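# Observations on the model geometry
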Amino acid sequence: MSAPSHPTRAPGIWDVIVVGAGPAGATAARVAAENGCTTLLLERATIPRYKTCGGGLIGASLAALPPGLSLKVYDTARRFTFAHNGHKERTLDSSSPTCAMVYRSELDAALTEAAAAAGAEVRDGTALTTLEQRGDTVSVRTNRGDTLRARAVVGADGSASRVSRYVGVQCAQVDLALEVEVPVDERTADRWRGRALMEWGPLPGSFGWVFPKGDVCTAGVVAARGNPVALRAYKEDFLTRHGLIGPRPLHDTGHLTRCRRPDSPVARGRVLVAGDAAALVDHWSREGISYALRSGDLAGRAASRVVGADEPGARAAADDYGRRINDVLGAEMRASSSLMALFARNPALVHTALTRVPPAWHRLDAYIAGRTSVAGIMTTPLARTAAAVAGRLPASRRGSGRPGRVS
Ligand SMILES: Cc1cc2nc3c(=O)[nH]c(=O)nc-3n(C[C@H](O)[C@H](O)[C@H](O)COP(=O)(O)OP(=O)(O)OC[C@H]3O[C@@H](n4cnc5c(N)ncnc54)[C@H](O)[C@@H]3O)c2cc1C
């Protein structure tokens with residue numbers, strides 16, 4: 001890649017500082033370094049670090065990984081079992097098995113290594129505490145007591161992001177996910193090998209999942225934040241029903257997922273946000289790795305443009321970043337918000353369509369494989385008809401009858 005000119009490069013000032021070494025930050029750092037920027041990647045934890053996540057990579061995520069990335073895949077979902085509140089279970093075959101099951105500690109460490117190989121300096125055990133902008137310089141203070149300076153900053157510090165608060169990211173949907181990673185015996189491993197499960201749950205907009213990883217299963221539940229007692233009860237019930245409650249979990253954690261409002265900012269001056277920090281997550285599936293990788297790539301490119309620019313140029317680069325996020329990822333999120341609204345109002349309808357109307361499964365299967373997007377699903381005549389039918393149903397026939405809390 002061609003290196004941009006850096007008329008403002010000065011000693012002691014980085015071109016780009018990236019905060020957070022998840023998929024968004026590691027990608028932004030790699031891309032900025034590939035663009036010729038002096039790049040520093042800060043990570044609060046020690047790498048490799050654990051991250052609460054199913055570790056399921058759909059086609060869009062796999063397509064956004066850097067070429068040649070060395071990554072161990074523990075299983076690939078060839079079949080998907082769908083259920084509604086523990087009933088009406090149906091297992092469907094994937095036409096081109098794609099969804100790869102990985103450990104996030106390994107994926108994120110591999111992406112960070114790729115950033116380092118491109119020339120980024122990586123400092124783990126180093127957390128941003130505050131940041132401020134003056135003129136063409138952003139100052140980042142860290143937990144180590146030092147102040148680092150850069151021409152551009154990318155905040156990729158996850159769903160509890162400090163940089164996100166600084167930028168003023170606004171959310172339309174905030175969920176809590178509870179997840180365990182459980183070692184399983186050979187019989188249980190055989191039962192789950194090559195098969196993932198999605199169960200639409202009892203709380204509005206909720207679901208549970210089991211993802212197979214050989215001798216470990218990752219299983220969890222997600223619902224709107226605000227009812228942790230009911231969510232914990234659902235988790236216990238879900239794990240018990242699937243025989244995953246006995247063994248002592250390797251990890252038993254919770255984590256927020258956030259979806260942005262369509263008009264939410266993704267930049268403030270020379271500071272950009274990407275991935276969960278920008279609240280870029282699918283409203284329905286809560287899939288976020290493909291969003292993190294793709295927005296990280298866009299943020300790395302935009303930050304490289306901000307570096308050598310004067311104030312109007314930096315503003316233009318940040319505005320352009322916002323437009324690109326809206327055009328691609330924003331369009332997908334708007335479609336997933338519609339799907340979530342349909343699902344939260346009537347999970348039974350979505351379940352029946354998916355498991356009994358073959359074109360509906362074929363579309364979802366194509367989305368998992370990366371051949372279409374959620375926007376592609378929601379523009380089909382079938383999805384439009386389902387949305388119209390759900391809109392006409394009386395409240396008592398719409399699942400729990402309680403409104404979903406989506407945008
Ligand atoms: C239970 C659960 C299951 C999920 N399952 C899937 C799935 O199967 N597939 C999928 O695609 N998505 C899934 N997601 C979503 C996915 O995990 C996220 O969207 C994804 O991790 C976002 O990546 P990121 O790089 O933006 O943030 P993160 O992966 O959260 O990385 C942020 C990094 O920033 C660091 N950090 C935080 N604060 C600071 C600071 N102040 N200074 C320095 N560093 C800091 C953190 O330590 C972390 O390493 C799931 C989410 C949850 C909660």
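Residues numbered from 1 in each chain as written. Predicted model: local features only at pLDDT ≥ 70, side-chain atom pairs only at ≥ 80, totals over all residues.

### Examining the overall build of the chain
In terms of regular secondary structure, the chain is built from 12 helices and 18 strands. The C-alpha radius of gyration computed for the chain amounts to 21 Å, which stays within 12% of the reference 22 Å derived for 407 residues, consistent with globular compactness. Judged by the C-alpha coordinates and their principal axes, the chain covers about 65 × 45 × 40 Å. Counting only residues that meet the buried cut, the chain has 50% of its 407 residues in that class. Partitioning the intrachain contacts of the chain with sequence separation of at least 6 by distance along the chain shows that 74% fall at a separation of at least 24. (Helix = DSSP H or I, 4+ residues; strand = E, 2+ residues; numbered from the N terminus. Rg over C-alpha atoms; globule rule 2.2 N^0.38 Å. Buried ≥ 20, exposed ≤ 12 C-beta atoms within 10 Å, placed from the backbone. Contact = placed C-beta atoms within 7 Å.)

### A look at the sheet that holds strand β4 (residues 75–76)
As summarised here, the arrangement of the three strands in space is β3-β7-β4, forming an open sheet in which the pairing is antiparallel. Each edge of the sheet is formed by a strand with only one pairing partner; in this case those strands are β3 (56–57) and β4. When β4 meets strand β7 (residues 100–101), the two strands line up antiparallel, connected through two bridges. Directly across from Asp75, in β7, lies its bridge partner Met101. (Pairing = 2+ DSSP bridges.)

### Considering the domain arrangement of the chain
Looking at the assigned domains, one finds that the chain contains domain 1 (13–53 + 103–170 + 260–334), domain 2 (69–101 + 172–259) and domain 3 (339–397). One C-alpha centre belongs to domain 1, the other to domain 2, and the line joining them spans 29 Å. Listed per partner, the contact involves 17 residues of domain 1 and 18 residues of domain 2. At four residues, helix α3 (residues 104–117) tops the list of elements feeding residues into the side of domain 1 that touches domain 2. A class-by-class count of the residues in the side of domain 1 that touches domain 2 yields eight nonpolar, four polar and five charged. (Domains from an automatic or database assignment. Nonpolar A, V, L, I, M, F, W, Y, C, P; charged D, E, K, R; others polar.)

### Points about the site of the ligand
Taken together, 39 residues lie near the ligand, and Gly20, Gly22, Gly54, Gly275 and Gly288 sit nearest. Of all the elements in the fold, those that place two or more residues in the shell around the ligand are α1 (23–34), β2 (39–43), β12 (171–183), β16 (251–260) and α7 (289–307). With three residues, α1 is the single largest residue contributor to the shell around the ligand. (Near = placed C-beta within 6 Å.)

### Concerning the pairing of strand β11 (residues 147–155)
The element β11 is extensively covered by neighbouring structure, given that seven of its nine residues are classed as buried. Where strand β1 (residues 13–19) lies against β11, six bridges are found, and the strand directions are parallel. Considered in β11, the bridge of Val19 is made with Gly155. Bridge analysis of strand β10 (residues 137–142) against β11 gives four bridges, and the strand direction is antiparallel. Bridge pairing in β11 links Arg141 to Thr147.

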